[in-house]
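Geometric and topological summary
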Amino acid sequence: MNMSDLENKRIAVLLSGGVDSSVVVYEFARMGLHPDCFYIKIGPEEEEEWDCSSEEDLEMATAVAHKYGCRLEVIDCHREYWDQVTKYTMDKVRAGLTPNPDVMCNRLIKFGAFHEKRGHDYDLIATGHYAQTEIIDGKKWLTTSPDPVKDQTDFLAQIYGWQLQKAIFPIGHYVKDEVRQIAEREHLVNAKRKDSQGICFLGKIDYTEYVRRYVGEQQGDVIELETGKLIGRHNGHWFYTIGQRKGLGFGGGPWFIVKKDVENNILYVAHGYDPLTVYKQSFAIHDFHSINGEMPEEDITFKIRHTPEYHRAKFIPKGEGRYEIQSEEKIHGVAPGQFCVIYDNRYHRCYGSGEITI
């Protein structure tokens, strides 16, 4: 990011109140730029009893915008979030799948609903994501951050090409420790604030409670896959995901969730610390979304969850919008509904993502 590229550009910064987006504002300010800042309101309604951190977030965002002489505007995308992202999440959960609301929030809200309300007035939309963009052979690509733990290209792998054209990630070339050091050096009000965890708008709300509120509970059997033995009861298959072993609460463990019978609300589990039944070496994806229109070559790398690890594989077209991922190694916890994010064979350029089918 340099001054010559940004001259005469209308820039909007999505300022969340966290340290990352606050350092984004600093990055512009040190170049003498004072972009307009926007706080996107997507949390629960004010009358909700849930403990949401949005009030504190807005206070932090206001302080940072004031420090750097930027205008701050609150954009209410609450209804769009609950109509679109929550509906996506609950539809997937009811179907026994493993959704990723943060992925859809970027596509539908941060680069979607915000653009319709105010972003269309701006040439660039800046966020605090740990990601980068590069022009390669005349085409703009989403590329990985040097911080393997914080890299967020997986959360951006469902955005559209036109959204990528307007996206800018001013801290994407840093690692997290460097961003913290900048925040402390510049005495930002949120320099020592902890990163948010879990779904972007829930704050301190427990995800299980979020699902319980919108889907409810329904008791079902927990059965050992190998023996058919009934080992307990559960309150709804939608509270569990394939490969899960923590927080199950079934006696005689450890247990892994290895299969769901959605129609009959049955969970199948396997005994042991590392059962082979929770590993897969090949699996299918459908509805592959290419960010900039380029399709992957055969040799790829991929991720199925937000972790530093990535895996090498073959990307095999199967026709009718389906593809097979043939991994070089067995992968733990492959669950239908997860996004499989596809990169080039150097884990550098992000092509996009598709939904896992089993």
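This is a predicted model, so every value here is computed, not measured.

Bringing the nonpolar core into the picture now. The biggest cluster of nonpolar side chains holds 47 residues, and the ones touching the most others in it are Ile 109, Phe 114, Leu 142, Phe 250 and Ile 257. Those residues in contact with Ile 109, other than ones at most four positions away along the chain, are Ile 40, Ile 42, Cys 77, Glu 80, Tyr 81, Val 85, Met 104 and Phe 114.

A separate point is the sheet that holds strand 2 (residues 36–41). The sheet built from 5 strands is open, its strands ordered 3-2-1-4-7 with parallel pairing. Two strands close off the open sheet at either side, each with one partner strand: strand 3 (72–76) and strand 7 (167–168). The pairing of strand 1 (residues 11–14) with strand 4 (residues 124–126) spans 3 bridges and is parallel. The partner of Val 13 across the bridge, within strand 4, is Ala 126. Contacts between helix 3 (residues 54–67) and the sheet are confined to strand 2 and strand 3, with strand 3 contributing the most and set at about 150° to the helix.

What follows covers the environment of Asp 76. In this fold, Asp 76 is placed in strand 3. Using a relative accessible area of 41% as the deciding quantity, one classes Asp 76 as partly exposed. Taking the C-alpha atoms as reference points, Asp 76 and Asp 344, separated by 268 residues in sequence, lie 37 Å from one another. Only 2.9 Å separates the side chain of Asp 76 from the backbone nitrogen of His 78, close enough to count as a polar contact.

Moving on, we get to the pattern of salt bridges. One pass over the structure, following the stated rule, counts 23 salt bridges. For Arg 185, the salt bridge goes to Glu 186, with nearest N and O atoms at 2.9 Å. The partner of Lys 318 in a salt bridge is Glu 324, with the nearest N and O atoms 3.4 Å apart. What makes Glu 324 buried here is its relative accessible area of 18%. Salt bridges sharing common partners tie together Asp 36, Arg 71, Glu 73, Arg 118 and Asp 121.

Calculation criteria
- Residues numbered from 1 in each chain as written.
- Predicted model: local features only at pLDDT ≥ 70, side-chain atom pairs only at ≥ 80, totals over all residues.
- Heavy atoms only, no water.
- Core = buried A, V, L, I, M, F, W, Y, C linked by side-chain atoms within 4.5 Å.
- Buried < 20%, exposed > 50% of the residue type's maximum accessible area, 1.4 Å probe, protein only.
- Contact = heavy atoms within 4.5 Å.
- Pairing = 2+ DSSP bridges.
- Helix = DSSP H or I, 4+ residues; strand = E, 2+ residues; numbered from the N terminus.
- Axes fitted to C-alpha atoms, helices over the stretch in contact; angles between N-to-C directions.
- Polar contact = N/O pair within 3.5 Å; in protein donor to acceptor, adjacent residues only side chain to side chain.
- Salt bridge = Lys/Arg side-chain N within 4 Å of Asp/Glu carboxyl O.

Don't take any of this as a statement about function, it's just geometry.
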